[in-house]
Amino acid sequence: MSETTSAPGATAAPPHSVLSARRAALAGGVGTLIEYYDFSVYAFLAVTLGPLFFPSDEPGVSILLTLAVFGSAYVMRPLGGWFFGRLGDRRGRKHALVVTVVTMGAFSGLLGLLPDFATAGMLAPILLVLVRLAQGFSAGGEIGGAATYVAESAPPGRRGLYGSLTPVGSTLGFAVAAAVVGLVTAVTTPEQMSAWGWRVPFLIAVPLALICLWVRVKLEDTAEFEAMAERREVVRSPLLNVLRERPGAVLRVVGIAIAMNGTGYVGLTYFSTYLIQTQGFGKQAVYWASAIGIALACATYPLAGMLTDRFGRRPVLLAAYVLYLALAWPVFALLGATSSIVVVTVTYVVYMAVNGLAQVPAFPQFTELFPRRIRYTGVALGFNVGTILAGGSAPYVAAQLVQSTGNPMSPAFWVLGVALVGIVTVLSMRETGRDRLPV
């Protein structure tokens, strides 16, 4: 069976409503924003959490351990992808997406209540790791499910535009996290921030999760899933079916996820640590530069959606990774040389706008590689494996490169390497942007 064609005898996909497509795109984007806010606020608090949970005479060691815990959450993402993929392919896309946002909100709130090392000793970092693992489990089901839900709801030929709200949500979640951390930092003294201020951004996750729950509970499941359930096409073990029927598709999703997350997470999580810890910028200034720069970059994502609907997935993806090859070294050279927060903000905008060109075509491309009975599982599995390999590890690898080489430019080599993985993967794929979703 071809990896992009429908099963023999499969019925045509159900018709799409523009109104339901807009609701799906909005719900997917808002939910993913809140989910990724919950998940990413930890990264922006790394310089504060390090001494609290991993006290050391060497500040660099505390930061490395804190970033390692950030990366540890990604270990659980494939397991979460399997669990929520199975739930989404067997019980419905909506059902799985409701559960992911509830669990993420609960564990984020719990993280804000944890004792620090001074209070609980070694129990504190152990509890921190356990809660981050639980957050990773929840995040493993979110973006694959949102991408599947939106793609199945979008009109033919518009999956790129409607689907652009999913990466807008995930990326804007980082911007909101940076803004909240910046605001809390602005209204507290350094002593207050270390004593209790760091807890506030995590606790805010609880009401945000309730808002998202209200939005998602009102949704109906996709017509694709309803048709699949009505015709009894639901499979007993989506994971086994994915591995047996579409191993090549899974590997391609892994390759694109490595490139997309390996480049993107350097900007989303490492830049702030680098600017504060290595370049000596003030925390508050960096948090606001991150928030503004990332938010402005997100404004370009719908344009990337229109481009990928017009020209296809492959040309836009290739353009993104070629641009990263050209920009990686100049970006780190500029951040290492400038003392202007305006230049830092502009750098964020450019770097993350390129990441939009990488993200926006990728998510509809992922959904176009799998038939509906295993789509959620296939997307979640490939994406989360790739994210483990080069997403959660990106800030740690970048920090370790600087620590071990003494060269602040060394993370540029990481960006170059994962961009090359993306180019090779895209060249191995055929264009699917004008195809119907396989049924």
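Caption draft 1: Region of the structure containing the pattern of salt bridges. Throughout the structure, instances matching the rule amount to 11 salt bridges. When the shortest N-O distance is used, the salt bridge between Arg-216 and Glu-142 registers 2.7 Å. Linking Arg-216 in helix α13 (residues 205-217) with Glu-142 in helix α8 (residues 142-153), this pair joins segments that are 74 residues apart in sequence. For Arg-216, a relative accessible area of 2% puts it in the buried group. Glu-142 gets classed as buried once you look at its relative accessible area, which sits at 0%. Where Arg-313 meets Asp-309, a salt bridge forms, and the shortest distance between an N and an O atom there is 3.4 Å.

Caption draft 2: Focus on the layout of surface pockets. Its volume calculated, the second largest pocket comes out at about 150 Å³. What lines the second largest pocket is a set of 11 residues, among which Gln-277, Thr-278, Ala-399, Val-402 and Gln-403 lie closest to the centre. For the lining of the second largest pocket, the element with the most residues is helix α16 (residues 247-278), which contributes 5 residues.

Caption draft 3: Broad picture of the environment of Gly-417. Looking at the secondary structure, you find Gly-417 in helix α23 (residues 411-427). In sequence terms Gly-417 and Leu-401 are 16 residues apart; their C-alpha atoms lie 14 Å from each other.

Caption draft 4: Layout of the packing of helix α1 (residues 18-44) against α16. Orientation of α1 relative to α16, taken along the N-to-C sense of each, is 35°, at an axis distance of 9 Å. Two secondary-structure elements touch here, α1 through Tyr-36, Ala-43 and Phe-44 and α16 through Tyr-265, Leu-268, Thr-269, Ser-272 and Thr-273.

Caption draft 5: Focus on the packing of aromatic side chains. Counted according to the given criterion, the structure contains 18 aromatic pairs. With a centroid separation of 5.1 Å and 90° between ring planes, the pair formed by Phe-83 and Phe-84 is classed as edge-to-face. Through pairs of rings, three or more aromatic residues link up here, namely Tyr-270, Phe-271, Tyr-274, Tyr-324, Phe-332, Tyr-348 and Tyr-351. Looking at Arg-132, its charged tip hangs above the ring of Tyr-42, at a distance of 4.6 Å from the centre. The positively charged end of Arg-310 is found above the aromatic ring belonging to Phe-311, 5.0 Å away from the centroid.

The rules we used
Residues numbered from 1 in each chain as written. Predicted model: local features only at pLDDT ≥ 70, side-chain atom pairs only at ≥ 80, totals over all residues. Heavy atoms only, no water. Salt bridge = Lys/Arg side-chain N within 4 Å of Asp/Glu carboxyl O. Helix = DSSP H or I, 4+ residues; strand = E, 2+ residues; numbered from the N terminus. Buried < 20%, exposed > 50% of the residue type's maximum accessible area, 1.4 Å probe, protein only. 1 Å grid on protein atoms, 1.4 Å probe; cavity = no way out; pocket = protein on both sides within 12 Å on 5 of 7 lines; lining within 4 Å. Points joined across faces, edges and corners; volume = space filled by probe spheres on them. Axes fitted to C-alpha atoms, helices over the stretch in contact; angles between N-to-C directions. Contact = heavy atoms within 4.5 Å. Phe/Tyr/Trp six-rings, centres within 6.5 Å; stacked < 30°, edge-to-face > 60°. Lys NZ or Arg CZ within 6 Å of the ring centre and 35° of its normal.

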